[in-house]
Amino acid sequence: MQFIRSFKFLVLVSLLVLPIFFNQIGMSFYLDLATRLCILAIAAVGLNLILGYGGMISFGHAAYLGIGAYAVGIPAHHWLYGGLDFLATTNGFMHITIAVVISGLFALLTGLICLKTKGVYFIMITMAFSQMAYYLFVSIEEYGGDDGLVINTRSEIPLITLDDPIQMFFVSFVSLIFFMWLIHLITNSNFGLILKGIKDNEARMISLGYNVYLHKLIAFVFSGIICGFAGVLLGNFMTFISPEMIDWSRSGELMFMVILGGVATVMGPLFGAIVFVILEEILSSITIYWHLPFGLLLIAVVLFFKGGLSSLLSK
Amino acid sequence: MDYTLLLIQVLNGLQLGVLLFLVASGLTLVFGILDFVNLAHGSIYMLGAFICASLTYVLESYLLAIVLSLPIIGIIGYVFELFLARPLYARDHLDHVLGTFGAILVIDTAAHLIWGPAGIAIPLPDYLDGQISIAENIEIPTFRLLIIVVGLTAAFGLLWLVNFTRLGMLIRAGASNRTMVAALGINIRSLFAIVFALGATLAGLAGMLIAPITEASLGMGNNIIITAFVVIIVGGIGSVKGAFVAALLIGLIDTLGRAFLDDLFKIFMSTTAAENSAPAISSMSIYLIMALILSFKPKGLFPPRLR
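Below, the structure is looked at part by part. (Residues numbered from 1 in each chain as written. Chains lettered and ligands numbered in written order. Predicted model: local features only at pLDDT ≥ 70, side-chain atom pairs only at ≥ 80, totals over all residues.)

### Topic: helix H6 (residues 165-188) of chain A
Residue and element names in this part refer to chain A.
Move 1: With 24 residues, H6 extends 35 Å between its outermost C-alpha atoms, agreeing within 8% with the 34 Å of an ideal straight helix rising 1.5 Å per residue.
Move 2: Met-168, Phe-169, Val-171, Ser-172, Phe-173, Ser-175, Leu-176, Phe-179, Ile-183 and Thr-187 are the residues of H6 that are buried.
Move 3: In this structure, the buried residues of H6 make contact with helix H1 (2-24), helix H2 (28-53), helix H7 (190-200) and helix H9 (212-238). (Helix = DSSP H or I, 4+ residues; strand = E, 2+ residues; numbered from the N terminus. Expected span 1.5 Å × (residues − 1). Buried ≥ 20, exposed ≤ 12 C-beta atoms within 10 Å, placed from the backbone. Contact = placed C-beta atoms within 7 Å.)

Below is the structure:
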């Protein structure tokens, strides 16, 4: 146990120190890589709450990343070009509020319907709703439609300049730690125990008198909000958002991170994101056809590794 | 309203509907009988289009290419079942989803390597390229009519196969209780493989039929698979009849929504408002319909009886 704990601590410290070090010796590329890693890890942490702890396999979580990023892009767009004055702002707290409210609402409305179903229905319906968001953004010409929207100004937060890559990285890193801590608290709370109970045996939880539907819905909404927040960071990091980021293959990649890292663990999604980002970087530097080896690897993981990387650690 | 335009759009909707049925029926069969979620079904649809396109150029005949491509796609489906699907039957749905998601990446990238990034158009022979006049002043393309006819034939063929043949009887028996069927001495593994290959062939056929209109392209499988999911969810997963009804419903709603929703909106809102909101609403229409149906019937329109 002692070994595992110090290993996890080591991973977190190197995630903080290494990118800064590389940046100082002029390899700023690795800093950007680490920022992207942290942001994807936050989304994976959010997905893990319902996928890992709650047993709800959502194949549509890229939609929330997209909503969060558009919540930065659309107000910034109106601030620059006019129109819809009530929405036009560059205030970061407003962006976060919009992202949280909209992604929460989207999760609430779709969750009300999705959660009436189970198993494969649930997978396919979450997928269909995220594709609905995809087509919605494709069809809105004003925000670039298919071509996407360039975010001209980053969110303004007092005392922080997101234009500075190091500060952008710190914000992402600290947010990641915060959400991992939050998930740790939630899953060890009464609510988290009920959620795990529902995953293990839903019928038993119903007969014990718990409102299963409500607990699942709260977890679903909360998970969407975390991914929405990750989307705000992603929009600020990329300064560009397009419907392609909502596409269901993005949702598949998020799922891959959670499963590979190991479901229902606090650090699992981070391990998954680390492996995903590094793999993507190495494979895509070798060949533009990197999806081919990546797909084969995915199949191999499914066929031969049950339980993800965390299970290797805890053996 | 212009009734000629309405008729043509209804025919377009039917065309989309039968194509959706060809893709969705394979999905719903494989899920209903094998309890297997196959995301890569759309990639097989895409492979059908590409293989047919290549063979058309080699053989210089579109019809001959279709005849030859169908067994090829069937074999691809069989191999897919053997190596990827079979080891995963005993696992949970999450593993199915991830494994077949990996298969999508592999198949799509392989297609990219083989056929290149651009789409391939299939030239139609002259006798299919014309127009047929079905009433005074109304002409529709022969080929679109052919798609509808072929699609409906395949649909009724499948319904007949499932409901009135020995193979269909085994398929239905396997869906309701596979252990019992195996205990009665039926080779359940080869039955599963046949069902899988059949579903792949139907999806491939849909790809071959649409290719002369839209050309064979890399993203085509991933575009149709989600709509096919909507179809089988609305129809009730596992029900071929449900898939048929839902496919036509979704095909018509999608096509008519895109064509006429702005005119409809103009009745009760300003022209600009209608033109701005109609594309957004019509692109979401099928998902809204799905949400509506699911709020009343969470298991779809024709839920199969419990096993």
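From this point on, the discussion continues.
### Overview of the nonpolar core
Move 1: Among the nonpolar cores identified, the biggest contains 198 residues, and Ile-42 and Ala-128 of chain A together with Val-23, Val-230 and Val-231 of chain B are the most heavily contacted of them.
Move 2: The residues contacting Ala-128 of chain A, other than those within four sequence positions of it, are Ile-226, Phe-229, Val-230, Tyr-287 and Met-290 of chain B. (Core = buried A, V, L, I, M, F, W, Y, C linked by C-beta atoms within 7 Å.)

### Describing the interface of chain A and chain B
Interfaces are frequently sized by the accessible area removed from exposure as the parts join.
Move 1: Facing 36 residues of chain A, the contacting portion of chain B comprises 35 residues.
Move 2: Looking at the side of chain A that touches chain B, the element that brings in the most residues is helix H5 (residues 119-139) of chain A, giving 15 residues.
Move 3: Classifying every residue of the side of chain A that touches chain B by side-chain character gives 28 nonpolar, seven polar and one charged. (Nonpolar A, V, L, I, M, F, W, Y, C, P; charged D, E, K, R; others polar.)

### Focus: the packing of H2 of chain A against H9 of chain A
Residue and element names in this part refer to chain A.
Move 1: Between H2 and H9, whose axes approach to 7 Å, the crossing angle comes to 170°. Looking at the two axes, H2 sits roughly antiparallel to H9. Counting all contacts with H2, which are made through Thr-35, Arg-36, Ile-39, Ile-42, Ala-43, Val-45, Gly-46, Leu-47, Leu-49 and Ile-50, the residues of H9 involved are Ala-219, Phe-220, Phe-222, Ser-223, Ile-226, Cys-227, Phe-229, Ala-230, Leu-233, Leu-234 and Phe-237.
Move 2: For the contact of H2 with H9, a count of residues per class yields 17 nonpolar, three polar and one charged. (Axes fitted to C-alpha atoms, helices over the stretch in contact; angles between N-to-C directions. Parallel < 35°, antiparallel > 145°, perpendicular 65-115°, else oblique.)

### Topic: unusual backbone geometry
Move 1: Of note in the backbone geometry, Thr-239 of chain A takes a positive phi value of approximately 50° without being a glycine.
Move 2: Locating Thr-239 of chain A in the fold gives a position in the loop between H9 and strand S2 (240-241).
Move 3: With a phi angle near 70°, Glu-215 of chain B is a residue other than glycine that sits in the positive phi range.
Move 4: Note on placement: Glu-215 of chain B falls in the loop between helix H9 (188-214) and helix H10 (220-235).
Move 5: By C-beta crowding, Glu-215 of chain B is classed as partly exposed, having 15 other C-beta atoms within 10 Å.

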